[in-house]
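An overview of the molecular structure
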Amino acid sequence: MASIQIRKYRDVDAEIVKELFTLGMSEHVPSSFTHVLKQPLTQMLLMVTFCALMTSSKSFLLPILAVTLLLAGVRQMVVYMFNTYIETSLSKDLNNISETYLQQKNSCFWVAESDGQVVGTVACLPAESAPEFLELKRMSVHRSHRGMGIAKALCRIVADFTRERGFPAVILYTSVVQTDAQKLYEHMGFTKTREFVIPELPAKIMNFTLLEYRLDLQKDKERD
């Protein structure tokens, strides 16, 4: 089994970190597309379109073609939403990790290495919505190295960093389609505190929900 080392980010890691993040986010497109197809509004739109065209055209070809085009359009909307998020994240912090995380107080960015190759990332900084907590961000592990405990180790390093600086809790946000991440965070002691739909129009149309999780470190300390 390859040895895993977790260390602070270096500028030489910039491109592989951005690649890991982009690949990780892109993996959620199929599950997000499936999520949209399960929504009652989507199913009603497809059914109404098919039935209306079937009745008016008296042909199977036109309604099938129309539904196929609608499905393609829905998938493109999902791709657009993820691409927009990726571009926003790159411009907001991932294009300048040192300045955003390493040069700021109570912030840090780590990478996980396996045989000299960066295979995982995680970061934390004071949460915008609740600056009394630190927010775990940019958690990503390459598909080839999942199931090796890397994500758990990255979670622990954020929790230790937060505890050492006297913050009472770690919070994070994940999406409704990231079921593996939800299981990981719950296993690590995080509890779900709220759910909300992303305010952007494409997300509202798709009923794309974010979940907020919190790890209360004071409770952990009391148990210790």
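Residues numbered from 1 in each chain as written. Predicted model: local features only at pLDDT ≥ 70, side-chain atom pairs only at ≥ 80, totals over all residues. Heavy atoms only, no water.

1. Quick notes on the pairing of strand β7 (residues 209-216)
For β7, a buried count of seven out of eight residues is recorded, marking the element as mostly surrounded by other parts of the structure. Of the strand pairs in this sheet, strand β6 (residues 191-197) and β7 are connected by six bridges, and their pairing is antiparallel. Looking across to β7, one finds that Thr 191 is bridged to Arg 214. (Buried < 20%, exposed > 50% of the residue type's maximum accessible area, 1.4 Å probe, protein only. Helix = DSSP H or I, 4+ residues; strand = E, 2+ residues; numbered from the N terminus. Pairing = 2+ DSSP bridges.)

2. Observations regarding the environment of Gln 5
Examined against the element boundaries, Gln 5 turns out to sit in strand β1 (residues 4-8). For Gln 5, a relative accessible area of 44% gives the class partly exposed. Considered as a pair, Gln 5 and Met 139 are 134 residues apart in the sequence and their alpha carbons are 16 Å apart. Excluding anything up to four places from it in sequence, Gln 5 contacts Val 111, Ala 112 and Glu 113. (Contact = heavy atoms within 4.5 Å.)

3. Overview of the sheet that holds strand β4 (residues 134-141)
The seven strands are arranged β1-β2-β3-β4-β5-β7-β6 in an open sheet whose pairing can be described as mixed. Each edge of the open sheet carries a strand with a single partner, namely β1 and β6. The sheet shows a mean angle of 25° between the axes of neighbouring strands, direction not considered. (Axes fitted to C-alpha atoms, helices over the stretch in contact; angles between N-to-C directions.)

4. Topic: the nonpolar core
Tyr 9, Val 17, Phe 82, Leu 94, Ile 97, Phe 109 and Phe 208 are the most contacted members of the largest nonpolar core, which has 30 residues in total. At the level of elements, α1 (14-26), α2 (29-37), α4 (61-94), α5 (97-102), β2 (108-114), β3 (117-126) and α8 (201-206) are the ones that each hand at least two residues to this core. For this core, the element with the most residues is α4, which contributes eight residues. Excluding residues that lie within four positions of it along the chain, Leu 94 makes contacts with Val 17, Lys 18, Phe 21, Ser 89, Phe 109 and Arg 138. (Core = buried A, V, L, I, M, F, W, Y, C linked by side-chain atoms within 4.5 Å.)

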